[in-house]
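Topology and contacts: notes
Listed here are the chains, written in short residue letters.
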Amino acid sequence: MKKITIAIDGFSSCGKSTMAKDLAREIGYIYIDSGAMYRAVTLYCIEKGLFNDKKIDTEKLREEIANIHISFALDPATGRPRTQLNGTDVEDRIRTMEVSSRVSIIAAIDFVRTALVAQQQKMGKSKGIVMDGRDIGTTVFPDAELKIFVTASAEIRAERRYKELQEKGEKADFEEILANVKERDHIDQTRAVSPLRRAEDAILLDNSQLTIAEQKAWLIEQYRKAAEG
Ligand code: DC
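Overview of the structure. Per chain, residues are indexed from 1 in the order of the written sequence. It should be noted that, the model being predicted, local features are given only for residues of pLDDT at least 70 and side-chain atom pairs only at 80 or more, the latter also being counted only at that level, while totals for whole chains, interfaces and linings use all residues. Note that the side-chain values use all heavy atoms of the structure and ignore hydrogens as well as water.

1. Comments concerning the site of the ligand
Within the structure, the ligand sits among 16 residues, and Ser34, Arg39, Arg113, Asp135 and Arg191 are positioned closest to it. Under the rule applied, a polar contact is a pair of N or O atoms within 3.5 Å (in protein, one hydrogen donor and one hydrogen acceptor; residues adjacent in sequence only if both atoms are side-chain atoms). Contacts to the ligand include serine 104, whose side-chain N or O atom sits 3.3 Å from an oxygen atom. At 2.8 Å from an oxygen atom of the ligand is found a side-chain nitrogen or oxygen belonging to arginine 113. All accessible areas in this document rest on Shrake-Rupley with a 1.4 Å probe, and a residue is counted as covered only by the protein chains that are shown. Notes on the ligand: free accessible area 450 Å², of which the protein chains cover 97%. The set of elements that each furnish at least two residues to the shell around the ligand consists of helix 2 (34-47), helix 5 (103-107) and helix 9 (174-190). Numbering goes from the N terminus for both helices and strands, where a helix is a DSSP run of H or I of at least four residues and a strand is a run of E of at least two. Examining the composition of the shell around the ligand, we find that four residues originate from one element, helix 2, more than from any other. The near set for a molecule or strand comprises every residue that places at least one heavy atom within 4 Å of it.

Next comes the structure, spelled out in structure tokens:
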């Protein structure tokens with residue numbers, strides 16, 4: 001089987017990361033969560049006081065963007081990657097509502113996208129990578145051999161995120177999460193730079209009614225077809 005590039009795009013909270021992570025582990029590929037990179041930049045901005053409520057000091061961020069280094073370190077206990085911001089583990093801190101409610105603002109800034117896309121392309125130079133996000137099949141790896149576009153209803157996605165936060169013992173309000181999911185869908189689809197859209201050659205997967213196991217089997221099948229072809 002040849003080594004390929006796998007791009008998994010789709011709406012927020014539709015289980016892209018879980019499926020991409022599991023697939024990568026199963027087939028021995030590197031997994032990169034590109035959303036985590038936008039989240040890490042957002043956390044950096046919050047911690048450096050670059051936000052005034054939901055307004056970002058774009059000029060200050062432009063000056064600092066070269067100082068923001070994002071990498072991933074494998075957690076020896078789980079075998080899963082954890083996001084590092086300038087050498088510090090921020091995996092848990094980038095998943096809070098505070099970051100979720102601001103990340104779309106950061107992801108809509110053109111110079112942030114240019115910087116992160118360049119890093120992502122470098123990470124995927126040798127193929128053998130599964131990357132998930134919003135613009136992987138359209139902008140980051142337009143030549144990817146396998147592109148999947150995942151979707152599920154906003155209510156189902158909000159429910160999944162609600163359970164996730166509850167399991168972590170974090171404060172969770174379903175209506176607030178649903179509003180956040182819808183708001184992010186809107187911003188992601190209508191932003192001027194790299195809006196979320198399905199690449200013409202991406203395979204559509206609506207996983208509203210699929211179990212994780214069913215989804216996994218489907219995905220492995222798509223991988224086999226693409227890597228053998
Ligand atoms: O997948 P996620 O929820 O962790 O993504 C966080 C945010 O980053 C989301 O609002 C969309 C944005 N994003 C993006 O614009 N491009 C990507 N390749 C990945 C994420």
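2. Things to note about the sheet that holds strand 8 (residues 129-133)
Consider a sheet: its strands pair through backbone hydrogen bonds, and that pairing is either parallel or antiparallel. Pairing is parallel across the open sheet formed by five strands, whose spatial order is 2-8-1-9-10. The open sheet has two edge strands, strand 2 (30-33) and strand 10 (203-206), and neither has a second partner. Direction aside, the axes of adjacent strands within the sheet are offset by 20° on average. Sheet analysis places strand 9 (residues 146-151) next to strand 10, joined by four bridges and oriented parallel. The residue bridging threonine 151 from the neighbouring strand is aspartate 206, located in strand 10. The contact rule is simple, with two residues in contact once any of their heavy atoms fall within 4.5 Å. In this analysis, axes come from line fits to C-alpha atoms, helices being fitted only over the stretch in contact, and the angle between any two N-to-C directions falls in the range 0 to 180 degrees. Against the sheet, helix 2 contacts strand 2 and strand 8, and its axis sits at roughly 40° relative to strand 2. Two strands qualify as a pair provided DSSP detects at least 2 bridges between them.

3. Side note on the side chain of threonine 5
Secondary-structure assignment places threonine 5 in strand 1 (residues 5-10). Among residues more than four places away in sequence, those in contact with threonine 5 are Lys127, Ile129, Phe141, Ala144, Glu145 and Leu146.

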